[in-house]
Amino acid sequence: MPRQQALQPFSHDHHQALVMCLRLERALQRAEARPLWAWVRESFTELELHFIEEELQLLPALLAVGEQALVSQLVVEHARLRLLVRQGDLSAAQQFATLLRAHVRFEERQVFPRIEELVQQGRLHWQAGQLCQGAAPLAETGSAF
């Protein structure tokens, strides 16, 4: 089943993050990672914006429906990734690539399927790009009463 439309931009970012991980891991294996790691650290703003969008658009609704464990893991991993980028040394680069890959898989395999399930159950809905608690208002469901 394809991703819900509202989650597709997040999944696209995740794909880009996995490509970055692969490039960084290959560069580390060849002992050529210093310039690439510097670029990752300089361009971290894009990934930071992705984290902020997830934290603002997804987490409040997930907390409201009792998904504290998913939210906790997501927030802890975002914080750890931010810290690794600030550290800057090459040992942090390897840890960053490993954690980012695992984090993307966690979101794609656990968080997003859970969101889609909760939307399907009517416990969450999308409104103006924001994940909200409860069923969608009738005007948004296409009901023709």
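Because the structure is a prediction, the values reported are computed rather than measured.

Below, the discussion takes up the overall build of the protein. Along the backbone of the protein there are 7 helices and 2 strands. The principal-axis extents of the C-alpha atoms in the protein amount to approximately 65 × 25 × 20 Å. Counting over 145 residues, the protein shows a buried share of 39%. Pairs at least 24 residues apart make up 67% of the contacts formed inside the protein by residues separated by at least 6 positions.

Per the counting criterion, the structure on display carries 8 salt bridges. The closest approach of N and O atoms between Glu25 and Arg101, which form a salt bridge, is 2.4 Å. Of this pair, Glu25 sits in helix 1 (residues 8–29) while Arg101 sits in helix 6 (residues 90–120), placing them 76 residues apart in sequence. Linking Arg114 and Glu117 is a salt bridge whose minimum nitrogen-to-oxygen distance equals 3.1 Å. Of this pair, Arg114 and Glu117 both sit in helix 6, separated by 3 residues, roughly a single helical turn.

Side chains three or four residues apart in an α-helix point the same way, a direct result of the helix having 3.6 residues per turn. Taking 1.5 Å of rise per residue, 20 residues should cover 28 Å, and helix 5 (residues 68–87) covers 28 Å from first to last C-alpha, within 8% of that figure. For helix 5, the full list of buried residues reads Leu70, Val71, Leu74, Glu77, His78, Leu81, Arg82, Leu84 and Val85. Down the axis of helix 5, the buried set is contained in an arc of 160°. They therefore lie on one face. In helix 5, the exposed positions angled more than 90 degrees off the buried face are occupied by Ala69, Val76 and Arg86.

So, about a nonpolar patch on the surface. Side chains of Leu49, Ile52 and Leu56 sit close together on the surface and give an oily, nonpolar patch of about 270 Å² of accessible area. Here Ile52 is to be found in helix 3 (residues 44–57). Looking at Ile52, the relative accessible area reads 32%, which means it is partly exposed.

Where helix 1 meets helix 2 (residues 33–42), the axes come as close as 8 Å, and the angle between the chain directions of the two elements is 150°. Considered as vectors, helix 1 and helix 2 are oriented roughly antiparallel to each other. Along this stretch, helix 1 crosses helix 2, giving a crossing that reads as left-handed. Listed contacts from helix 2 to Met20, Arg23, Leu24, Ala27 and Leu28 of helix 1 are Ala33, Leu36, Trp37, Trp39 and Val40. Taken together, the residues of the contact of helix 1 with helix 2 break down into 9 nonpolar, no polar and 1 charged.

About the thresholds
- Residues numbered from 1 in each chain as written.
- Predicted model: local features only at pLDDT ≥ 70, side-chain atom pairs only at ≥ 80, totals over all residues.
- Heavy atoms only, no water.
- Helix = DSSP H or I, 4+ residues; strand = E, 2+ residues; numbered from the N terminus.
- Buried < 20%, exposed > 50% of the residue type's maximum accessible area, 1.4 Å probe, protein only.
- Contact = heavy atoms within 4.5 Å.
- Salt bridge = Lys/Arg side-chain N within 4 Å of Asp/Glu carboxyl O.
- Expected span 1.5 Å × (residues − 1).
- Arc of directions from axis to C-beta.
- Patch = residues over 30% accessible without salt bridge, like charges linked within 9 Å, V, L, I, M, F, W, Y side chains within 5 Å.
- Areas by Shrake-Rupley, 256 points an atom, 1.4 Å probe, with all protein chains shown as cover.
- Axes fitted to C-alpha atoms, helices over the stretch in contact; angles between N-to-C directions.
- Parallel < 35°, antiparallel > 145°, perpendicular 65-115°, else oblique.
- Left-handed = near helix turned anticlockwise from the far one by under 90°.
- Nonpolar A, V, L, I, M, F, W, Y, C, P; charged D, E, K, R; others polar.

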